[in-house]
Amino acid sequence: SMKETVEKVVDTVVDAVSGGGPSGTIPGRPGSESPSLDEPTEPREPPAPKPDQSGPEAFTATGRAVDAPPTARAQAGPYLTTAQGLRLADTDHSLKAGPRGPVLLQDHHLREKIMHFDHERIPERVVHARGAAAHGVFRAYGTAATVTKAAFLAKDAETPIFLRFSPVLGSRGSADTVRDTRGFATKFYTAEGVFDLVGNNMPVFFIQDAIKFPDVIHAGKPHPDREIPQAQSAHDTFWDFVSLHTEATHHTLWNMSDRGIPRSYRTMEGFGVHTFRLVDAAGATSLVKFHWKPKAGVHSLLWEEAQLINGVDPDFHRRDLADAIEAGAYPQWELGIQVFPDTPEQTFEGIDLLDPTKIVPEELAPVQPIGLLTLNANPVNYFAETEQVAFHPGHLVPGIDVTDDPLLAGRLFSYLDTQITRLGGPNFAQIPINRTHAPVNDMLRDGFHQTAVHSGVAPYKPNSLDGGCPFFAGQQEGGYRETPVRVPAAGKVREAPASFADHFSQPRQFWLSLTPVEREHVIAAYTFELGKVYEQAIKERTLRVLAEVDPYLCEQVAQGLGLPAPKPAGPLPAVEPSPALSQLGRTWPTTGRIIGIVADERSDLETVRAVRQAILDGGMVPLVIAPAGGTLGAGSGDPVTVQRTFATARSVEFDALLLAGAPAPGKDAYGARDAKAGNGAPAGALIDPRVPLMLSEAFRHAKPLGGWADADQALTAAGIDTAAPGVLVAGSGEAVLEEVVRLLGQHRVWERFPTAADLV
Ligand code: HDD
């Protein structure tokens, strides 16, 4: 039930931060139910393997399965062994000539252990190095069956999937909430082979041709001399490149918008970016763009919040995703398609469908839902799954084909190529997480890390020695056929089509589609990033680019930089806004949102209990924050468990804060350093400075604040006007909660941000 789900969320969140909550268990760790203070010594069986990890599926050239050894998976049997299966009696001491003597070279266990350790790391991905992933299932509605024969899109077809999210620029150990694009890569293990949809959380890309990818990435990565800054675009080389290379303007504007700092992976949209070609059973084709729409709504952080989180909890997004799945609050996205006729021009309403810096507004081509993705299991092992998964836009199934988008063409080369370095050879398709669920009968042989034991003598075609096996699949048997698209008659050129030269109309459309608050965020982001740039010329050049997008944007950023605002070269393009591009102005579900309740021994615990329960009943997560850990009201028979202390709580973790006031007026509440109940200290004099800090941050980040009884004292101590929008102090805790939840539906109290009137 929802309530159980949420209670699990609470426990998980609590455990994750407190390092093993009240019960001392570590969630998701089999066998840790009753940890004792000493290491257990009774042998016990390791946890059961996941179905897809029980051993390699090896197929012969003729399609016969090779008998896999029964214990192909590691961790079989209760005893510690070497990699060769030799049982070990000791792994804590090197073999020595006497306790104080020299270590002996003949210690084969020491050498194997250190040799393996020395090679534990593999090269990180050159981009998208840091990721977080989960398993799930995709269920098709069948609505795409009119445009594609892909079996996994047929009505009610269920397909296992693995989804990896990732910031682009940072190293594996970088922080989660940096300003960046996020990867959104989904592997569908369909009955017809693997289909990978390797998208991003933004619908456009920096470049129109893959040959520029090394350029944009070299510019975005840390400077080659000092290797700083880590995981961000706020530096000279990035802005040098994007200001000279104006086709990047659209994507850069998305990065500077709230889309660059998602609240959670669960609240991001995803996009296939390129136009793909779908093929139906009769061979008819259509062009499509793929969209992922999060059920939880689209929601972002504020910049200061994101920066704080990078220090307070660098694993914020990773933790959030894992906690939610662990708790059974499974994140969901609807997959949708925009469908366009496959005309020879490959344009729609004048928009070039082969240009990956362009979108098609949803108002012109609605996104039609075709299925539901649910993430329902965390990886068991980060390295084996999240790190070793290999995506590739060329992993296609019958019914889905690529187009001639020149960015996609280069990707079709790159993703295979990079795995050779990253995963150490050409056999990465045999790694469990990459294995297709369809039968494999290829004629690929040998190579580093070959785990299949191929039989037969004829890994070539045509052959007679293996009986002609394997055979070709015709259309009836699901053989993949590329669409015979007509190639325009033209000479070989290194050139882009004329339509690719429009670099500013869609950036302007994006800008005009944002609400005033969102525009202010864009201005602040440009001002911040360019403020980190040393070269004056780069700032000025970027202002010239911004002048082509919008004069107000340009003027405001120029003002922040203390520079004159240039004028555009000519009239700005006339474009219609696309309201679907804004993240605001809609109401979203509040499920899974986190509400902090600040309380101490003098708080009215009756109300705390009732409010906590009401939060749980609403599918949200209540976390009680108190001066110290343990419980409040220990003697009351119904103590309230404390999940955060003033030392471990920081405002950025909560979507809203409630202040549990003291029932008797005139007494100090909230974090008096002397936490003894009813000490009669004068109100405000002993307020713990961490409480007003928490309140003022939450206020600045436009989070709803509520309280009851004498809660106004703490608010006043934090310098917060209790009459400000989204600040509610009332007698009834339940009434306050109701209003706070209503405000959470719009994510934040946006009214707190003054915006320029001339923006409307
Ligand atoms: Fe890429 C990884 C998404 C253009 C070359 N890319 C990678 C990942 C995502 C994307 C989500 C991480 C996959 C994972 O989780 O393992 N990339 C995109 C999108 C693009 C794009 C949406 C444009 C529409 N990429 C792009 C180009 C090139 C690459 C133009 C090269 C010419 N991308 C790579 C890569 C990576 C990669 C070097 C690094 C690790 C990997 O592939 O497996 O091949």
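What you are looking at is a predicted structure, and each value in this text was computed from that prediction instead of being measured.

S.K.: Can you walk me through the overall build of the chain in this structure?
M.R.: Assigned secondary structure in the chain consists of 17 helices and 22 strands. Across the 760 residues of the chain, 50% fall into the buried class. Expressed as a percentage of contacts within the chain between residues at least 6 apart in sequence, the contacts between residues at least 24 apart total 72%. Entry remark: accessible area of the chain is about 34,700 Å², with carbon and sulfur atoms responsible for 56%.

S.K.: Looking at this structure, how should I read the pattern of salt bridges?
M.R.: Should their charged atoms come close, side chains of opposite charge can pair. All told, the structure shown has 31 salt bridges when counted by the stated rule. Its salt-bridge partner being Arg541, residue Asp240 comes within 2.9 Å of it at the nearest N-O pair. In this pair, Asp240 sits in helix α4 (residues 236-244) while Arg541 sits in helix α12 (residues 536-549), placing the two residues 301 residues apart along the sequence. Between Arg690 and Asp688 there is a salt bridge, with the nearest N and O atoms lying 3.1 Å from each other. Of the residues examined, Asp688 reaches a relative accessible area of 4% and is grouped as buried. One salt-bridge network, held together by shared partners, links Arg263, Arg266, Asp320, Arg593 and Asp655.

S.K.: Could you clarify how one ought to interpret the site of the ligand in this entry?
M.R.: By nearness alone, 22 residues border the ligand, and Arg125, Arg164, Ser414, Tyr415 and Gln419 come closest of all. His128 places a side-chain nitrogen or oxygen 3.4 Å from a nitrogen atom of the ligand. Arg164 has a polar side-chain atom sitting 2.7 Å from an oxygen atom of the ligand. Secondary structure elements with two or more residues in the shell around the ligand: β5 (182-190), β6 (193-200) and α9 (406-422). When residues in the shell around the ligand are grouped by element, the largest group, six residues, is from α9.

S.K.: Help me understand the packing of helix α11 (residues 516-531) against helix α13 (residues 551-561), please; the structure alone is not making it clear to me.
M.R.: The interhelical angle for the contact between α11 and α13, taken along N-to-C directions, is 40°, at an axis separation of 9 Å. Comparing the axis directions of α11 and α13 gives the class oblique. Crossing of α11 over α13 shows right-handed handedness. On α13, the residues that touch Glu520, Val522, Ile523, Tyr526, Thr527, Leu530 and Gly531 of α11 are Tyr552, Leu553, Gln556, Val557, Gly560 and Leu561. Among the residues making up the contact of α11 with α13, the classes are represented as eight nonpolar, four polar and one charged.

S.K.: Explanation requested: the nonpolar core in the structure shown.
M.R.: One broad rule of soluble globular proteins: the nonpolar side chains tend to lie buried together. Among the nonpolar cores identified, the biggest contains 47 residues, and Trp239, Tyr526, Leu553 and Val557 are the most heavily contacted of them. Going through the elements one at a time, α3 (213-220), α4, α5 (249-256), α10 (505-513), α11, α12 and α13 are the ones with two or more residues in this core. Dropping the residues within four chain positions of it, Leu553 is found in contact with Leu253, Trp511, Val522, Ile523, Tyr526 and Leu546. Residues Phe152, Val288, Leu373 and Leu408 belong to the second largest nonpolar core, which totals 36 residues.

S.K.: How should I be thinking about the pairing of strand β20 (residues 656-660) in this particular structure?
M.R.: Regular strands place side chains that alternate from one sheet face to the opposite one. Burial analysis of β20 places five of its five residues in the buried class, which makes it a mostly covered element. On β20, burial covers both faces: Ala656, Leu658 and Ala660 on one face and Leu657 and Leu659 on the other are all buried. Bridge analysis of strand β15 (residues 594-598) against β20 gives four bridges, and the strand direction is parallel. Bridged to Ile595 within β20 is Ala656.

S.K.: In this structure, what is going on with the sheet that holds strand β16 (residues 621-626)? I would like to understand it.
M.R.: Picture the strands of a sheet paired through backbone hydrogen bonds; they go either parallel or antiparallel. Strand order across the open sheet formed by six strands is β19-β16-β15-β20-β21-β22, with parallel pairing between neighbours. Either end of the sheet is taken by a strand with one partner, and the two such strands are β19 (644-645) and β22 (727-730). Where β20 lies against strand β21 (residues 705-708), four bridges are found, and the strand directions are parallel. Bridging from a neighbouring strand, Leu657 pairs with Leu705 of β21. Here helix α15 (residues 690-700) sits on the sheet and contacts β15, β16, β20, β21 and β22; the angle it forms with β20, its principal contact strand, is near 140°.

S.K.: Would you mind going over the environment of Ser166 with me for this structure?
M.R.: Summarising the element assignment, Ser166 is placed in strand β4 (residues 158-167). Sequence separation of Ser166 and Arg752 is 586 residues, and the distance between their C-alpha atoms is 32 Å. Among all residues touching Ser166, those that are not within four sequence positions of it are His128, Arg130, Gly131, Thr181, Arg182, Gly183 and Tyr265. Side chain to side chain, Ser166 and His128 meet in a polar contact 2.8 Å long.

S.K.: Whenever I open this one, the packing of α4 against α12 confuses me. Can you help?
M.R.: In helix packing, the relevant descriptors are the interaxial angle and the interaxial distance, both defined with respect to the helix axes. In the contact formed by α4 and α12, the axes pass within 9 Å of each other and the chain directions differ by 40°. Classified by the interaxial angle, the pair formed by α4 and α12 is oblique. In this structure, α4 crosses over α12, and the sense of that crossing is left-handed. Along its contact with α4, which presents Asp236, Trp239, Asp240, Ser243 and Leu244, the element α12 presents Ile538, Arg541, Thr542 and Val545. When its residues are assigned to classes, the contact of α4 with α12 shows four nonpolar, two polar and three charged.

S.K.: Which parts of the structure should I look at to understand a nonpolar patch on the surface?
M.R.: Taken together, the side chains of Val457, Tyr460 and Leu465 present a nonpolar region at the surface, about 320 Å² in accessible area. As for its placement among the helices and strands, Tyr460 is situated in the loop between α9 and α10.

S.K.: Would you mind showing me how to read α10 here?
M.R.: Across the nine residues that make up α10, a large majority, eight, are buried. Within the span of α10, buried status applies to Ser505, Gln506, Pro507, Arg508, Gln509, Phe510, Trp511 and Ser513. Against α5, β12 (351-352), α11, α12 and α13 lie the buried residues of α10.

S.K.: Would you explain the side chain of Glu548 in this entry?
M.R.: Looking at where Glu548 falls in the secondary structure, it is placed in helix α12. Those residues in contact with Glu548 that lie beyond four places of it in its chain are Phe504, Pro568, Ala569, Leu572 and Pro573.

Calculation notes
- Residues numbered from 1 in each chain as written.
- Predicted model: local features only at pLDDT ≥ 70, side-chain atom pairs only at ≥ 80, totals over all residues.
- Heavy atoms only, no water.
- Helix = DSSP H or I, 4+ residues; strand = E, 2+ residues; numbered from the N terminus.
- Buried < 20%, exposed > 50% of the residue type's maximum accessible area, 1.4 Å probe, protein only.
- Contact = heavy atoms within 4.5 Å.
- Areas by Shrake-Rupley, 256 points an atom, 1.4 Å probe, with all protein chains shown as cover.
- Salt bridge = Lys/Arg side-chain N within 4 Å of Asp/Glu carboxyl O.
- Near = heavy atom within 4 Å.
- Polar contact = N/O pair within 3.5 Å; in protein donor to acceptor, adjacent residues only side chain to side chain.
- Axes fitted to C-alpha atoms, helices over the stretch in contact; angles between N-to-C directions.
- Parallel < 35°, antiparallel > 145°, perpendicular 65-115°, else oblique.
- Left-handed = near helix turned anticlockwise from the far one by under 90°.
- Nonpolar A, V, L, I, M, F, W, Y, C, P; charged D, E, K, R; others polar.
- Core = buried A, V, L, I, M, F, W, Y, C linked by side-chain atoms within 4.5 Å.
- Pairing = 2+ DSSP bridges.
- Patch = residues over 30% accessible without salt bridge, like charges linked within 9 Å, V, L, I, M, F, W, Y side chains within 5 Å.

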